[in-house]
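Spelled out, the chains give:
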There are 4 protein chains.
Amino acid sequence: MTEVGGIAGDVLRSYIDRIERLEEEKAGIAANIREIFAEAKGNGFDTKVMRQILKIRKMEPHDVAEQDELLELYKRALGMPLG
Amino acid sequence: MTEVGGIAGDVLRSYIDRIERLEEEKAGIAANIREIFAEAKGNGFDTKVMRQILKIRKMEPHDVAEQDELLELYKRALGMPLG
Amino acid sequence: MTEVGGIAGDVLRSYIDRIERLEEEKAGIAANIREIFAEAKGNGFDTKVMRQILKIRKMEPHDVAEQDELLELYKRALGMPLG
Amino acid sequence: MTEVGGIAGDVLRSYIDRIERLEEEKAGIAANIREIFAEAKGNGFDTKVMRQILKIRKMEPHDVAEQDELLELYKRALGMPLG
DNA sequence: CCAAGCTACGGCCATC
DNA sequence: GATGGCCGTAGCTTGG
């Protein structure tokens with residue numbers, strides 16, 4: 001056993017290692033993304049605009065539901081608080 | 001002097017105290033806001049809708065500038081990257 | 001109460017206005033806090049450490065000790081230097 | 001190059017697609033990390049302390065020591081207990 | 001007890 | 001090369 005003060009050291013170590021491994025992967029992917037932005041910039045694209053496009057495309061699924069909410073919202077706000 | 005290890009203790013204490021004071025004020029105001037929501041809820045208003053209204057009203061000033069950006073954005077995205 | 005198109009709209013508006021006012025105050029105070037950090041930084045203080053200090057002062061002494069102990073314990077369990 | 005309505009749009013689309021793909025991967029990994037924390041928590045580990053451990057392991061030992069010293073120094077300057 | 005909104009922190013990028 | 005601003009992400013608090 002690798003118990004230290006009532007803590008299973010090897011279990012803890014396993015969690016930590018797995019998380020660190022995944023964080024490295026994540027960092028690697030983030031680096032890839034940065035690379036693509038750099039390449040695009042080198043080819044004359046405006047990265048700021050690209051980021052806006054990405055943001056909009058990410059939002060759109062939500063908006064399907066959200067548009068309905070807003071319609072409802074305005075009906076309520078103008079008349080009565082409760083629907 | 002209240003120098004400790006080369007640090008002006010009284011100056012540091014002053015900064016810390018001022019920040020803590022302001023944070024208390026801030027917390028107090030946050031509490032007031034919560035109170036108003038609670039009161040509104042007690043009078044039959046839907047707090048979720050209220051929050052949405054507040055969000056929209058906060059966004060609108062930005063949108064004045066942002067609408068133009070988006071128009072430009074889509075022009076670029078569909079045609080050429082550089083304006 | 002809950003009359004259509006009448007009083008309730010005004011009540012709602014009142015709540016919204018009061019909340020917006022308080023949110024402005026809150027934002028102003030947050031700005032003041034940032035200012036103080038900036039000033040402190042300009043005078044050679046480490047703002048990151050200042051934030052740690054503020055956090056510790058906000059915690060119960062008992063909890064501070066407990067967190068420290070747990071951290072030591074985990075470090076030992078992982079064979080890390082105890083600092 | 002920079003032709004209107006032609007090739008460049010496709011190039012942009014390609015960049016956008018590649019980035020979106022990578023962002024999805026990244027999100028997936030983040031989900032995995034959250035899962036591990038959840039599992040660890042389920043087994044009685046304190047995730048907050050685990051995060052501290054991860055942060056410390058990511059820092060240079062020298063910086064860790066420096067931060068600690070500075071914290072001690074500020075505490076002494078303020079007359080706080082040294083923990 | 002779970003989900004969501006808000007706040008705060010850290011990292012990235014552009015600027016000087 | 002360093003600094004400051006900006007954005008995205010993560011943690012905490014609060015409401016349901």
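So, how was this worked out
Residues numbered from 1 in each chain as written. Chains lettered and ligands numbered in written order. Predicted model: local features only at pLDDT ≥ 70, side-chain atom pairs only at ≥ 80, totals over all residues. Heavy atoms only, no water. UniProt positions renumbered as here; feature names shortened; annotations may be inferred. Helix = DSSP H or I, 4+ residues; strand = E, 2+ residues; numbered from the N terminus. Contact = heavy atoms within 4.5 Å. Buried area = accessible area lost by both parts, 1.4 Å probe. Salt bridge = Lys/Arg side-chain N within 4 Å of Asp/Glu carboxyl O. Polar contact = N/O pair within 3.5 Å; in protein donor to acceptor, adjacent residues only side chain to side chain. Nonpolar A, V, L, I, M, F, W, Y, C, P; charged D, E, K, R; others polar. Near = heavy atom within 4 Å. Phe/Tyr/Trp six-rings, centres within 6.5 Å; stacked < 30°, edge-to-face > 60°. Buried < 20%, exposed > 50% of the residue type's maximum accessible area, 1.4 Å probe, protein only.

- Per an unreviewed UniProt entry, chain A carries the name UPF0335 protein and comes from Tistrella bauzanensis.

**Topic: the UniProt feature "domain: GapR-like DNA-binding" (unreviewed entry) in chain A**
No. 1: In this numbering, the UniProt entry assigns the feature "domain: GapR-like DNA-binding" (unreviewed entry) to residues 9–79 of chain A.
No. 2: Segment residues 9–79 of chain A splits into 93% helix and 0% strand. End C-alpha atoms: 62 Å apart.

**Details of the interface of chain A and chain D**
No. 1: At the interface, 29 residues of chain A touch 28 residues of chain D.
No. 2: Together, the buried faces of chain A and chain D total about 2,800 Å²; carbon and sulfur atoms form 76% of this surface.
No. 3: For the chain A face of the interface with chain D, the top three residues by lost area are A:Tyr15, A:Ile19 and A:Ile36, together amounting to 22%.
No. 4: Inspection of the region where chain A meets chain D yields seven salt bridges.
No. 5: A salt bridge links A:Glu39 to D:Arg18; the nearest nitrogen and oxygen atoms lie 3.6 Å apart.
No. 6: Summed over the shared surface of chain A and chain D, the result is six residue pairs in polar contact (both at pLDDT 80 or more).
No. 7: Tallied by class, the residues present in the side of chain A that touches chain D amount to 18 nonpolar, two polar and nine charged.

**Overview of the protein's contact with DNA strand F**
No. 1: Around DNA strand F sit A:Lys26, A:Lys55, B:Arg34, B:Lys41, B:Thr47, B:Arg51, D:Lys26, D:Lys48 and D:Arg51, and those are all the residues in its vicinity.
No. 2: Here a phosphate oxygen of DNA strand F sits 3.3 Å away from a polar atom, N or O, in the side chain of A:Lys55.
No. 3: Within the side chain of D:Arg51, a nitrogen or oxygen atom sits 2.4 Å from a phosphate oxygen of DNA strand F.
No. 4: Within the surface near DNA strand F, the residues separate by chemical class into no nonpolar, one polar and eight charged.

**Re the packing of aromatic side chains**
No. 1: Inspection of every chain in the model, using the stated rule, returns six aromatic pairs over all chains.
No. 2: Here A:Phe45 and D:Tyr15 contribute two aromatic rings whose centre-to-centre distance is 5.6 Å and whose plane-to-plane angle is 80°, an arrangement assigned as edge-to-face. With one member in each of two chains, A:Phe45 in the loop between helix H1 (9–42) and helix H2 (47–78) and D:Tyr15 in helix H1 (residues 7–42) form a pair that bridges those chains.
No. 3: On the basis of relative accessible area, A:Phe45 is assigned to the buried category, the value being 7%.
No. 4: Residue classification places D:Tyr15 among the buried residues on the basis of a relative accessible area of 3%.
No. 5: With centroids separated by 6.2 Å and ring planes inclined at 75°, the aromatic side chains of C:Tyr74 and D:Phe45 adopt a geometry described as edge-to-face. With C:Tyr74 in helix H3 (residues 61–78) and D:Phe45 in the loop between H1 and helix H2 (47–58), this pair bridges two chains.
No. 6: The class of C:Tyr74 is buried, set by a relative accessible area of 2%.

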